[in-house]
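Listed here are the chains, written in short residue letters.
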Amino acid sequence: MTANNSYDEIIADPLGRTDVQIGFEVAIAVLISLISFIGNSLVVYAIHRDRRLNTITNMLIENLAFSDILMATLHMPFWIISLRYGKWIFGHVVCQMVGVTQLIFGIVSLLTMTGIAINRYFKVVKRKLYIKFFSNRKATTVRESARRVHGHAALPNATKTEDKTEYKVLKTSLVVVCVYMICWTPLSVIGFIEVFGSRSPRILYYLAYVLVYCSSMANPFIYGIMNPQFKNAFACILHIRDSTASEAERVSVSRNMASNVDLAVTYISTTQAYAVTV
């Protein structure tokens, strides 16, 4: 009887959940963890694979992806095991360490999004300061000179394309911040209420943590839906799109950029020669 009682205590759920409920909660947690790890790993790989994604903003996005990868690998497994057993089984020290890492990853994500917001502000509002602190000065000077060249249809089109891309990047960054706020606000409210000695129902805790971890899972989907460059990179990596067509597109873009640069250089050289003669 003693052995049977011990066995029953081990398999009994402290929260009174059924096996179906336990299986459902664990399955959701495992799915979120896997999607977070795979999706954010895909973001990092895409940034390193596609040279067009090597921008200052995407460096910050990569940092955000690394934070989410660490959340998926170092923190979510403890959450999954706790959901399985209905309690914390790793001791007080590990509990404190896991709590601190969750806070660190959340702060890193918040600071990274702050950096993205500052980067976008300077890009849109303070362009000269953006050129000074964030961009390649030589390349930016050539682009700005190219914009001054009139009588060529390619340059206005290139400018419109660049402006359209910047708008999409700005919109994507805004959505990422909004999703982060939506996902982290419920847990923050619960924590604030606990300061005054109040306790929330267990289902609210579960849903709040699901939302927190969904913030790590959501970003790759946002990039893939709203950012055409990431969308194309994901499609090529997953072999959804013909890599040959993508390579042809990259060659076409490179040729157009080279043409614009040559035109800008010619314009600068002509201007300097005219200044010398005058």
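Residues numbered from 1 in each chain as written. Predicted model: local features only at pLDDT ≥ 70, side-chain atom pairs only at ≥ 80, totals over all residues. Heavy atoms only, no water.

Definition in use: UniProt positions are given in the numbering used here, feature names are shortened, and annotations may be inferred rather than shown by experiment.
An unreviewed UniProt entry annotates the protein as Melanopsin originating from Stylophora pistillata. One UniProt comment on the protein, placed under Sequence similarities (unreviewed entry), says "Belongs to the G-protein coupled receptor 1 family." The heading Subcellular location (unreviewed entry) in the UniProt record of the protein holds the text "Membrane".

Topic: the packing of helix H2 (residues 19-49) against helix H9 (residues 228-237)
Keep this limit in mind: Interaxial angles span 0 to 180 degrees and are taken between N-to-C directions of axes, which are lines fitted to C-alpha atoms, for helices over the stretch in contact. Counting from the N terminus, the helices are the DSSP runs of H or I reaching at least four residues and the strands are the DSSP runs of E reaching at least two. In what follows, roughly perpendicular refers to angles from 65 to 115 degrees, roughly parallel to angles under 35, roughly antiparallel to angles over 145, and oblique to any angle outside these ranges. Working rule for contacts: check all heavy atoms of both residues, and any pair within 4.5 Å makes them a contact. Note that Gly is not counted as nonpolar here; it falls among the polar residues with everything else outside the nonpolar set of Ala, Val, Leu, Ile, Met, Phe, Trp, Tyr, Cys and Pro and the charged set of Asp, Glu, Lys and Arg.
At their nearest, the axes of H2 and H9 sit 10 Å apart, and the two run at 100° to each other. Overall, the two elements H2 and H9 adopt an arrangement that is roughly perpendicular. Contacts between H2 and H9 pair Leu42, Val43, Tyr45, Ala46, Ile47 and Arg49 from the former with Phe230, Ala233, Phe234, Cys236 and Ile237 from the latter. Of the residues belonging to the contact of H2 with H9, the class tally is 10 nonpolar, no polar and 1 charged.

So, the environment of Tyr223
By secondary structure assignment, the location of Tyr223 is in helix H8 (residues 202-226). Put simply, Tyr223 and Val175 are 48 residues apart on the chain and 9.7 Å apart in space, counted from C-alpha to C-alpha.

A look at empty space enclosed by the protein
Heads up, the condition is: Put plainly, a pocket is an open set of points on a 1 Å grid over the protein atoms alone with protein on both sides within 12 Å along at least five of seven lines, a cavity is a set where a 1.4 Å probe fits but cannot get out, and a lining residue has an atom within 4 Å of a point. Grid points are joined across faces, edges and corners, and a volume is the space filled by probe spheres set on the points.
Tallied over the entire structure, the rule returns 3 cavities of 30 Å³ or more. For the largest cavity, the lining is made up of 15 residues, of which Asp68, Ser109, Tyr180, Trp184 and Ser215 are closest to its centre. Breaking the lining of the largest cavity down by element, the ones donating at least two residues are helix H3 (56-85), helix H4 (92-124), helix H7 (154-195) and H8. Grouping the constituent residues of the lining of the largest cavity by class yields 9 nonpolar, 5 polar and 1 charged. Taken as a whole, the second largest cavity encloses approximately 50 Å³ of empty space. Taken together, Thr57, Ile61, Leu64, Ile116, Thr172, Ser173, Val176 and Tyr223 make up the lining of the second largest cavity. At the level of secondary structure, the elements contributing two or more residues to the lining of the second largest cavity comprise H3 and H7.

Some points on the packing of aromatic side chains
For the record, the criterion: Aromatic rings from Phe, Tyr and Trp, taking only the six-membered ring of Trp, are treated as a pair when their centres fall within 6.5 Å; an angle between ring planes under 30 degrees marks them as stacked, one over 60 as edge-to-face, and anything in between as tilted. Think of it in three bands: residues with accessible area under 20% of the maximum for their type are buried, residues over 50% are exposed, and the middle band is partly exposed, with areas taken using a 1.4 Å probe on protein chains only.
The full count for this structure, using the stated rule, is 10 aromatic pairs. Summarising the aromatic geometry, the rings of Trp79 and Tyr213 are spaced 4.4 Å apart at their centres and angled 45° between planes, so their arrangement reads as tilted. A residue pair is termed long-range when its members are at least 10 positions apart, and Trp79 in helix H3 and Tyr213 in helix H8 qualify at 134 residues. The class for Trp79 is buried, based on a relative accessible area of 9%. Since its relative accessible area comes to 1%, Tyr213 is described here as buried. Considering the side-chain rings of Tyr209 and Tyr213, the 6.1 Å spacing of their centres and the 35° angle between planes classify their relative orientation as tilted.

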